[in-house]
Amino acid sequence: MPGTVSFRDRSHRRLPDKTLRPDIVTRFGKISLERARYRRGRAGKVIFPMEILLGIENGFTPAAADRIGKQFATCGSSQGRTLEMINDQMKTKIGTEKLRKLVGTLANSMESHREEAQVEELMKLIGKARKQRKTPILSVSRDGVALGLAPWSCFEMASVACVSVLANGKKLGTVYLGCVPETNQATLSNRLTSLLKATVRDCGGRVPEIVYVSDAGKIETAYWRNTLQAFFVDGRRIKVTRVVDYYHAAERLTVIADALNFGGDSAKRGKWLEHARWLLLQPGGHGRMLRSIAKMRQLYRYTASATEEAEKAERYLRRYGRFMNYASMKSRGCPIGSGVVESACKQIVSERMKLSGMRWNKEGGQRTMTLRCILLSGIWDTVYRKWLTGKPTVSDLIKTEDA
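Heads up: these notes are all about the structure in this document. (Residues numbered from 1 in each chain as written. Predicted model: local features only at pLDDT ≥ 70, side-chain atom pairs only at ≥ 80, totals over all residues. Heavy atoms only, no water.)

## Observations concerning the overall build of the protein
Part 1 of the reasoning: Across its full length, the protein holds 14 helices and 12 strands.
Part 2 of the reasoning: Over its C-alpha trace the protein gives a radius of gyration of 27 Å, far above what one expects of a compact globule, namely 22 Å for 403 residues.
Part 3 of the reasoning: Referenced to the eigenvectors of the C-alpha coordinate spread, the extents of the protein come out at roughly 100 × 50 × 35 Å.
Part 4 of the reasoning: In the protein, 69% of the contacts between residues at least 6 apart in sequence involve partners at least 24 apart.
Part 5 of the reasoning: About 20200 Å² of surface is accessible on the protein, with carbon and sulfur atoms providing 48% of the total. (Helix = DSSP H or I, 4+ residues; strand = E, 2+ residues; numbered from the N terminus. Rg over C-alpha atoms; globule rule 2.2 N^0.38 Å. Contact = heavy atoms within 4.5 Å. Areas by Shrake-Rupley, 256 points an atom, 1.4 Å probe, with all protein chains shown as cover.)

## Overview of a positive patch on the surface
Part 1 of the reasoning: Taken together, the side chains of Arg225, Lys312, Arg315, Arg319 and Arg322 make up a positively charged region of the molecular surface.
Part 2 of the reasoning: Considering every element that reaches the positive patch, the biggest residue donor is helix α10 (residues 307-319), with 3 residues.
Part 3 of the reasoning: With respect to the helices and strands, Arg319 occurs in helix α10. (Patch = residues over 30% accessible without salt bridge, like charges linked within 9 Å, V, L, I, M, F, W, Y side chains within 5 Å. Salt bridge = Lys/Arg side-chain N within 4 Å of Asp/Glu carboxyl O. Lys, Arg positive; Asp, Glu negative; His and termini not counted. Charge placed at Lys NZ, Arg CZ, Asp CG, Glu CD.)

## Let's talk about the packing of aromatic side chains
Aromatic rings considered in pairs are described by the distance between their centres and by the relative angle of their planes.
Part 1 of the reasoning: Counted according to the given criterion, the structure contains 8 aromatic pairs.
Part 2 of the reasoning: Aromatic pair Trp224 and Phe323: ring centres 5.9 Å apart, planes at 75°, arrangement edge-to-face. In this pair, Trp224 is assigned in helix α6 (residues 218-228) and Phe323 in the loop between α10 and α11 (326-331), connecting sequence segments 99 residues apart.
Part 3 of the reasoning: You can call Trp224 buried: its relative accessible area is 8%.
Part 4 of the reasoning: Given a relative accessible area of 10%, Phe323 falls into the buried group.
Part 5 of the reasoning: Its guanidinium or amino end placed over the ring of Tyr223, Arg142 lies 4.8 Å from that ring's centre, counting from NZ or CZ. (Phe/Tyr/Trp six-rings, centres within 6.5 Å; stacked < 30°, edge-to-face > 60°. Buried < 20%, exposed > 50% of the residue type's maximum accessible area, 1.4 Å probe, protein only. Lys NZ or Arg CZ within 6 Å of the ring centre and 35° of its normal.)

## Some thoughts on the nonpolar core
Part 1 of the reasoning: Counting 66 residues, the largest nonpolar core has Val163, Trp272, Ile293, Leu317 and Tyr326 as the members making the most contacts within it.
Part 2 of the reasoning: When residues no more than four places from it in sequence are discounted, the contact partners of Trp272 are Leu253, Ile256, Ala257, Leu260, Phe262, Ser292, Ile293 and Met296.
Part 3 of the reasoning: Judged by nonpolar contacts, the second largest core, of 26 residues, contains Ile94, Leu102, Val103 and Ala117. (Core = buried A, V, L, I, M, F, W, Y, C linked by side-chain atoms within 4.5 Å.)

## Things to note about helix α13 (residues 362-376)
Part 1 of the reasoning: The first and last C-alpha atoms of α13 sit 21 Å apart over 15 residues, in line with the 21 Å expected at 1.5 Å per residue.
Part 2 of the reasoning: A distance of 3.3 Å separates the backbone nitrogen of Glu363 from a side-chain oxygen at the start of α13, and that oxygen is part of Asn361.
Part 3 of the reasoning: Positive phi appears at Gly378, one or two residues downstream of α13, with a value of about 75°. (Expected span 1.5 Å × (residues − 1). Polar contact = N/O pair within 3.5 Å; in protein donor to acceptor, adjacent residues only side chain to side chain.)

## Looking at the pairing of strand β11 (residues 240-244)
Part 1 of the reasoning: With 5 of 5 residues buried, β11 is to be regarded as a mostly interior element.
Part 2 of the reasoning: Burial of the side chains of β11 extends over both faces: Val240, Arg242 and Val244 are buried on one face and Thr241 and Val243 on the other.
Part 3 of the reasoning: As defined by bridge partners, strand β8 (residues 209-214) adjoins β11 across 5 bridges and the pair is classed as parallel. Its bridge partner lying in β11, Tyr212 is registered against Arg242. (Pairing = 2+ DSSP bridges.)

## Some words on the environment of Pro2
Part 1 of the reasoning: For Pro2, the location among the structural elements is in the segment before β1 (4-7).
Part 2 of the reasoning: With a relative accessible area of 14%, Pro2 lands in the buried category.
Part 3 of the reasoning: Sequence separation between Pro2 and Lys91 is 89 residues; the distance between their C-alpha atoms is 35 Å.

## Notes on unusual backbone geometry
Part 1 of the reasoning: Here the bond from Ala150 into Pro151 is cis, since omega is 5°, no more than 30 degrees from zero.
Part 2 of the reasoning: For Pro151, the position within the fold is in the loop between β5 (136-149) and β6 (154-167).
Part 3 of the reasoning: Here Asn58, not a glycine, exhibits a phi torsion of approximately 55°, which is positive.
Part 4 of the reasoning: Tracing the backbone through its elements, the reader meets Asn58 in the loop between α1 (49-54) and α2 (62-73).
Part 5 of the reasoning: Under the relative-accessibility criterion, Asn58 is labelled buried at 18%.
Part 6 of the reasoning: Its identity as a non-glycine residue notwithstanding, Lys91 has a phi of 50°, on the positive side.
Part 7 of the reasoning: Here Lys91 lies in the loop between α3 (79-89) and α4 (96-131).

## Considering the side chain of Ser159
Part 1 of the reasoning: Looking at the element boundaries, Ser159 is found in strand β6.
Part 2 of the reasoning: Apart from the residues within four sequence positions on either side, Ser159 is in contact with Asp143, Gly144, Leu177, Gly178, Cys179, Gln185, Leu188 and Met369.

## So, the packing of α4 against helix α5 (residues 186-203)
Between two packed helices, both the angle of their axes relative to each other and the distance between the axes serve to describe the pair.
Part 1 of the reasoning: Running from N to C, α4 and α5 point in directions that differ by 45°, and their axes come no closer than 10 Å. Between α4 and α5, the crossing angle belongs to the class labelled oblique. As α4 runs across α5, the sense of the crossing is right-handed. On the side of α4, the interface is formed by Glu111, Arg114, Glu115, Gln118, Val119, Leu122, Met123 and Ile126, while α5 contributes Arg191, Ser194, Leu195, Ala198, Thr199, Asp202 and Cys203.
Part 2 of the reasoning: Tallied by class, the residues present in the contact of α4 with α5 amount to 7 nonpolar, 3 polar and 5 charged. (Axes fitted to C-alpha atoms, helices over the stretch in contact; angles between N-to-C directions. Parallel < 35°, antiparallel > 145°, perpendicular 65-115°, else oblique. Left-handed = near helix turned anticlockwise from the far one by under 90°. Nonpolar A, V, L, I, M, F, W, Y, C, P; charged D, E, K, R; others polar.)

Spelled out as structure tokens, the structure:
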């Protein structure tokens, strides 16, 4: 070991003694590492160049940290199951605090490379569609999902978004974003906007058609009005087409069918509801569907107890009618349902963070969602490699006698 090394552009001088670290976790168990110490100045920070060069973080080798991070982010996993995996596969027992420290380091470090890797993945999928001589479409969706928070076991709305690449109506792949509960979901909106802008920049002059599919909720609509309705990237306006999720529109038709006084004739109710949903999918069907509702209301009227909800459903269908051109969207291979983001809510939150008895603080919840999104996006290995290669290392080794 040299007498002086440079780390983060600062000189560190070797101290005379070595230390032994006996608890470094590897894929095959714990090892001990004898390390030389270096210090910046007389009372500066001490570093261990051997650990830095080997990529050891929080007492874990890169291979061990990679395996543990993936296990922690896996569907149905938990802190306890991750500790069991470490004990079973690595023949090592560690405490919860050491695991949490590693998870925090992984999430915070990998998040800084997440967007770049997701853009690369989307561009690869777009290129795959074009190579097959198909027209790619970027489908953007977002939604909320209840998440239990500690310490009072209250539930608030976490937020999830996804960007998919479709070709001829078939999904080629998806990347995911997720954030813990926050007022107006500002962090998710910023990350989603940044991801879309970076993807558009990489597309250059060949930007695919972008479709925003969501329910007409308050936050989803606000994101459309404030960001996507007039979407500019480096001074260039990018057209984004909005689609109100067909299944949420169909739910309003169900509310109306339930409110109509058919005199207990369930067959008549079911027949009309099926016809109304069919009309909504036909060219010019939105207007025909509204006329059908008006006719049925004239013939059968709403029951007194259900009138308010039925009229609310009617207003929904009228207000967002311009975003319900489902026949045209389907003919172009565009999505008309937000099933992808509904599935994302289940995969990111329900299958990992809503297991029996689970409650989260916002910091721990965000770390888990970050790792889960990276894993589900299929970019874990890419992001992990970017982080490892981008870490500062010891350089400019200088021998004392030559200094």
